[in-house]
2 protein chains.
Amino acid sequence: MNKMERIHFDDFEQRKRAALINCLSGFKSANLVGTTSASGQDNLSIVSSCFHIGANPALMGMIIRPITTDRSRHTFDNILETKFCTLNHINEQMVEKAHQTSARYPQEQSEFEQVGLTAQKKDGFLAPFVLESPLQMGLELREHQHLKINGCEMLILEIQHLYTDPSWICPDGFVDIEAAGTLCVSGLDSYHKTQRISRLSYAKPETWPTHLSVKGSEK
Amino acid sequence: MNKMERIHFDDFEQRKRAALINCLSGFKSANLVGTTSASGQDNLSIVSSCFHIGANPALMGMIIRPITTDRSRHTFDNILETKFCTLNHINEQMVEKAHQTSARYPQEQSEFEQVGLTAQKKDGFLAPFVLESPLQMGLELREHQHLKINGCEMLILEIQHLYTDPSWICPDGFVDIEAAGTLCVSGLDSYHKTQRISRLSYAKPETWPTHLSVKGSEK
């Protein structure tokens, strides 16, 4: 058994507290957000705050820290101005470059150029995709809320374009993002690969879950 | 290079589309939500929709699907009625039991008993913790929003109690949830262990990220 103890994080100094609380929700998604300013300047930033809201319409949420912090302001301003952004999964080959986008580069510099990732424009979509990413999405802003409770901004975005390798899409629609090499994040700075335990069958009261293959069939 | 293609998910039938869109945000957190009804009936359900909102106050978001679906209604009703819930990380030893909580048990049955997990009450907190979990939190409801855009409910909860093994908390506050055995989820039914690539140093424009040990020191 683990030695469970109550942790009194209110006693922690501010940075240690922030590092701890950022770990508590569990593993987080890792995405690069691509945007373009109204004047055509590309911007790229890493976010671990994207979350699924619904499938129909296909909605994604994103939390952006209070915009008094420089780092997220360009992304936030660009999405509010142009209404569009891309989200791009991060794999191991690009993890350092992805992390480096969080440095505070001046607005007139593109993080794509600074970190060595490739901005890809396609299908008339305004915002730049990350060429090196194994799964790319183009999204349009649907709602913006200022969260009074702590000053964060919440964006609700609709997925309009999706690009990936179709061989990762299973017959039942499941996308094998582990095969795609998608990483996850814990806390502020820890990056992780994954190792599938199993897919589990749809739960019903009278039966016990069975292990499914990645393609969704009984093992 | 991957064979990137545009995926036209609007052409997918409804369940296949839902399975696909649920994978797109990336890996998701896996938590068990413990609640108690006003009449004292315990409830336990698995959620992959918890996300970090802020560290001070320590806030967590949770999306609950439209409450016309039976499965999430007991959890939602209990949190609205009592204002309290617990969140409990899921490890490999309990993954089948955790998944099985999503079966539609009648309200008068406790999922704790049905799946074989142990409800733990402590420190005067109203809602039940999961004894087997490596990281347990007690939370109080701060805000509730009905998302008109798709009928989902969004809860904002404040972390009040935290229990875990202190040996997983690093000197800088980082919690090694991989060492704790915490799992993540992709899509509706796929459970994954993780394997750390590295922690990366705080990004600055003039330097390149270096790899840190789990304790946050230079390797």
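Remember, it's a predicted structure, so these values are computed and weren't measured experimentally.

Quick look at the environment of A119(A) now. Residue and element names in this part refer to chain A. By the secondary structure assignment, A119 is in strand β8 (residues 119-120). Accessibility expressed as a relative area gives 34% for A119, which makes it partly exposed. When sequence neighbours within four positions are dropped, the list of residues in contact with A119 reads D42, F112, P128 and F129.

Bringing the side chain of S37(B) into the picture now. All names here are of chain B. Inspection of the secondary structure assignment puts S37 in the loop between β3 (31-36) and β4 (42-47). What makes S37 buried here is its relative accessible area of 9%. The residues touching S37, leaving out its near neighbours within four places in the chain, are N78, E81 and T82.

Among the residues of helix α1 (residues 14-21) of chain B, those classed as buried are R17(B), A19(B), L20(B) and I21(B). The inward-facing, buried residues of α1(B) contact β5 (50-55), β6 (58-64) and β11 (153-164) of chain A. Two to three positions downstream of the cap, the backbone nitrogen of R15(B) sits 3.0 Å from a side-chain oxygen, assigning the N-cap of α1(B) to E13(B).

The next point concerns the pairing of strand β13 (residues 190-200) of chain A. Burial analysis of β13(A) places nine of its 11 residues in the buried class, which makes it a mostly covered element. The pairing of strand β12 (residues 184-186) of chain A with β13(A) spans three bridges and is antiparallel. Bridge pairing links S186(A) to S190(A) in β13(A). The hairpin turn running from β12(A) into β13(A), its antiparallel successor, is three residues long, and G187(A) in that turn takes a positive phi close to 60 degrees. One ladder, built from nine bridges, connects β13(A) with strand β13 (residues 190-200) of chain B; its direction is antiparallel. Paired with T194(A) across the bridge in β13(B) is T194(B). In the sheet, β13(A) pairs with strand β14 (residues 211-212) of chain A via two bridges, with the strands oriented antiparallel.

Before going further, it helps to examine the pairing of β6(A). All names here are of chain A. Counted residue by residue, β6 has seven buried out of seven residues, so it is predominantly covered. With burial as the criterion, each face of β6 is covered, one bearing A58, M60, M62 and I64 and the other bearing L59, G61 and I63. As defined by bridge partners, β5 adjoins β6 across five bridges and the pair is classed as antiparallel. Directly across from C50, in β6, lies its bridge partner M62. Between the end of β5 and the start of β6, which pair antiparallel, lie two residues. By the bridge criterion, six bridges tie β6 to β11 in an arrangement that is antiparallel. Bridge assignment links G61 to a residue of β11, and that residue is I156.

With that settled, consider the pattern of salt bridges. All names here are of chain A. Counted under the stated rule, the structure contains 16 salt bridges over all chains. A salt bridge links D42 to K121, with the nearest nitrogen and oxygen atoms 3.5 Å apart. Pair noted here: D42 is in strand β4 (residues 42-47) and K121 is in the loop between β8 and β9 (129-130), with a separation of 79 residues, a long-range link. Residue D42 is classed as buried on the basis of its relative accessible area of 15%. Classification of K121 by relative accessible area gives partly exposed; the value is 47%. Several salt bridges share partner residues, and in doing so they unite E140, R142 and E158 into one network.

Cut-offs applied
Residues numbered from 1 in each chain as written. Chains lettered and ligands numbered in written order. Predicted model: local features only at pLDDT ≥ 70, side-chain atom pairs only at ≥ 80, totals over all residues. Heavy atoms only, no water. Helix = DSSP H or I, 4+ residues; strand = E, 2+ residues; numbered from the N terminus. Buried < 20%, exposed > 50% of the residue type's maximum accessible area, 1.4 Å probe, protein only. Contact = heavy atoms within 4.5 Å. Polar contact = N/O pair within 3.5 Å; in protein donor to acceptor, adjacent residues only side chain to side chain. Pairing = 2+ DSSP bridges. Salt bridge = Lys/Arg side-chain N within 4 Å of Asp/Glu carboxyl O.

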